[in-house]
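Breakdown of the fold
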Amino acid sequence: MNKKVRKAVIAGNWKMNKTPAEAKVLVEEMAPLVKGADCGVVVCVPYVDLCTVLDAVKGTNIEVGAENCHWEKSGAYTGEISADMLVSMGVQYVIIGHSERRTYFGDTDVTVQKRVRAALDAGLTVILCVGEYLEQREQGITDELVAMQTKIALGGVSKQELSKIIIAYEPVWAIGTGKTATAEQANEVCSVIRGVVAGLYDNAAADALTIQYGGSMNAKNAEELLDQPDVDGGLIGGASLKAADFSVIVKAASR
Ligand code: PEP
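This write-up is about the structure you can find in this document. Keep in mind that this is a model prediction, so the values were computed, not measured.

Thoughts on the site of the ligand
Taken together, 14 residues lie around the ligand, and Lys-15, Glu-170, Gly-176, Ser-216 and Gly-237 are the ones closest in. Glu-170 is positioned with one of its side-chain polar atoms (N or O) 2.7 Å from an oxygen atom of the ligand. Between Ser-216 and the ligand, the recorded distance is 2.7 Å, taken from a backbone N or O atom to an oxygen atom. Alone, the ligand offers 290 Å² of accessible surface; in the complex the protein occludes 95% of this. Looking at the shell around the ligand, its residues break down into 4 nonpolar, 8 polar and 2 charged.

As structure tokens, this is what we get:
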């Protein structure tokens, strides 16, 4: 498998942080620091920040994503946002299946699959999150679990559509906890995911797929994680809220 054929992507996941006014300040601080990066730079922000951030990134190399979308196009789904609505604003990416959505908001492998379908149909690039809880790692079922999450989410996704999918391996025990997976652990599971994709499609499709690691990646550990052969980027929570830290990670991915 050849890392050089893949695009590295560093994506920030702001979660439920930053008002529109704060978002503008953060993006304006970030833009000069990540200018000219040799990797994709994406910020996934709360719905209410999208308008402001889309405006603030004009003329920069920063792309914008949402943190979720509903699977229906429109209708009686109070409080939800459709993929078409996001696209109509100019949003290009959407995170789907983040563990916080699965844990706190009832997202399942089945609803994740439906959201992936809707996002692809609308033309969004999907950052699909998979990952195990600590109990599952301790049980020794990480590989099986992540393989199953990947297979279900990609059910019905064609080989051609795979170019609009990024998979983020995010061990749940490492998210927001300061506990990072070791570089070897991260690479091992990213490599399992690539193998699953090779089995579902073919080696060329797997070789071309961007697979990120996410889970307490920060300015200090990014280089070692991103140096791994199957880790093509990062989904960054906490450290994406600090322009300087985020830019160090972007630089590590640009080498
Ligand atoms: C995330 O929210 O996807 C994430 C990886 O968070 P953190 O970097 O804070 O662990």
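After presenting the structure, the write-up continues.
Structural notes on the sheet that holds strand β4 (residues 93-96)
Read once around its circumference, the closed barrel built from 8 strands follows the order β1-β2-β3-β4-β5-β6-β7-β8, with strand pairing classed as parallel. Within the sheet, the average angular offset between the axes of one strand and its neighbour, ignoring direction, is 25°. Strand direction decides the pairing type here: β4 and strand β5 (residues 125-130), joined by 4 bridges, are parallel. Of the residues in β5, the one forming a bridge with Tyr-93 is Thr-125. Relative to β5, helix α7 (residues 142-153) is tilted by about 150°, and along the sheet it contacts β5 and β6 (165-169).

Quick word on the packing of helix α5 (residues 109-122) against α7
At their nearest, the axes of α5 and α7 sit 8 Å apart, and the two run at 40° to each other. Classified by the angle between their axes, α5 and α7 sit oblique to one another. Helix-helix and strand crossings are classified by hand; for α5 and α7 the assignment is right-handed. Contacts from Asp-109, Val-110, Val-112, Gln-113 and Val-116 of α5 reach α7 at Met-148, Gln-149, Ile-152 and Ala-153. Its residues assigned to classes, the contact of α5 with α7 comprises 6 nonpolar, 2 polar and 1 charged.

Thoughts on unusual backbone geometry
One non-glycine residue, Lys-15, lies in positive phi territory at about 55°. When you line up the elements, Lys-15 lands in the loop between β1 (9-13) and α1 (20-34). Backbone geometry places Lys-18, a non-glycine residue, at a positive phi of 85°. Residue Lys-18 is classed as partly exposed on the basis of its relative accessible area, which comes to 28%.

Overview of the packing of α7 against helix α8 (residues 183-200)
One way to put it is that α7 packs onto α8 with a least axis distance of 10 Å and a crossing angle of 45°. Regarding the angle of α7 to α8, the classification is oblique. The way α7 lies across α8 gives a crossing that is right-handed. Two secondary-structure elements touch here, α7 through Thr-142, Asp-143, Val-146, Ala-147, Thr-150 and Lys-151 and α8 through Val-189, Val-192, Ile-193, Val-196, Val-197 and Leu-200.

Thoughts on α1
Counting along an α-helix, one turn takes 3.6 residues, and residues three or four places apart therefore face a common direction. The terminal C-alpha atoms of α1 lie 21 Å apart, and with 15 residues this matches the ideal 21 Å at 1.5 Å per residue to within 8%. Those residues of α1 not exposed but buried are Ala-23, Leu-26, Val-27, Met-30, Ala-31 and Val-34. The buried residues of α1 occupy an angular sector of 140° when the element is viewed end-on, so they sit on one face. Away from its buried face, by an angle of more than 90 degrees, α1 presents the exposed residues Ala-21, Val-25 and Pro-32. In this fold, the buried residues of α1 make contact with β2 (40-44), α2 (50-56), β3 (62-66) and α11 (243-254). One or two steps after α1, the chain reaches Gly-36, where phi turns positive at roughly 75°.

About the criteria used
Residues numbered from 1 in each chain as written. Predicted model: local features only at pLDDT ≥ 70, side-chain atom pairs only at ≥ 80, totals over all residues. Heavy atoms only, no water. Near = heavy atom within 4 Å. Polar contact = N/O pair within 3.5 Å; in protein donor to acceptor, adjacent residues only side chain to side chain. Areas by Shrake-Rupley, 256 points an atom, 1.4 Å probe, with all protein chains shown as cover. Nonpolar A, V, L, I, M, F, W, Y, C, P; charged D, E, K, R; others polar. Pairing = 2+ DSSP bridges. Helix = DSSP H or I, 4+ residues; strand = E, 2+ residues; numbered from the N terminus. Axes fitted to C-alpha atoms, helices over the stretch in contact; angles between N-to-C directions. Contact = heavy atoms within 4.5 Å. Parallel < 35°, antiparallel > 145°, perpendicular 65-115°, else oblique. Left-handed = near helix turned anticlockwise from the far one by under 90°. Buried < 20%, exposed > 50% of the residue type's maximum accessible area, 1.4 Å probe, protein only. Expected span 1.5 Å × (residues − 1). Arc of directions from axis to C-beta.

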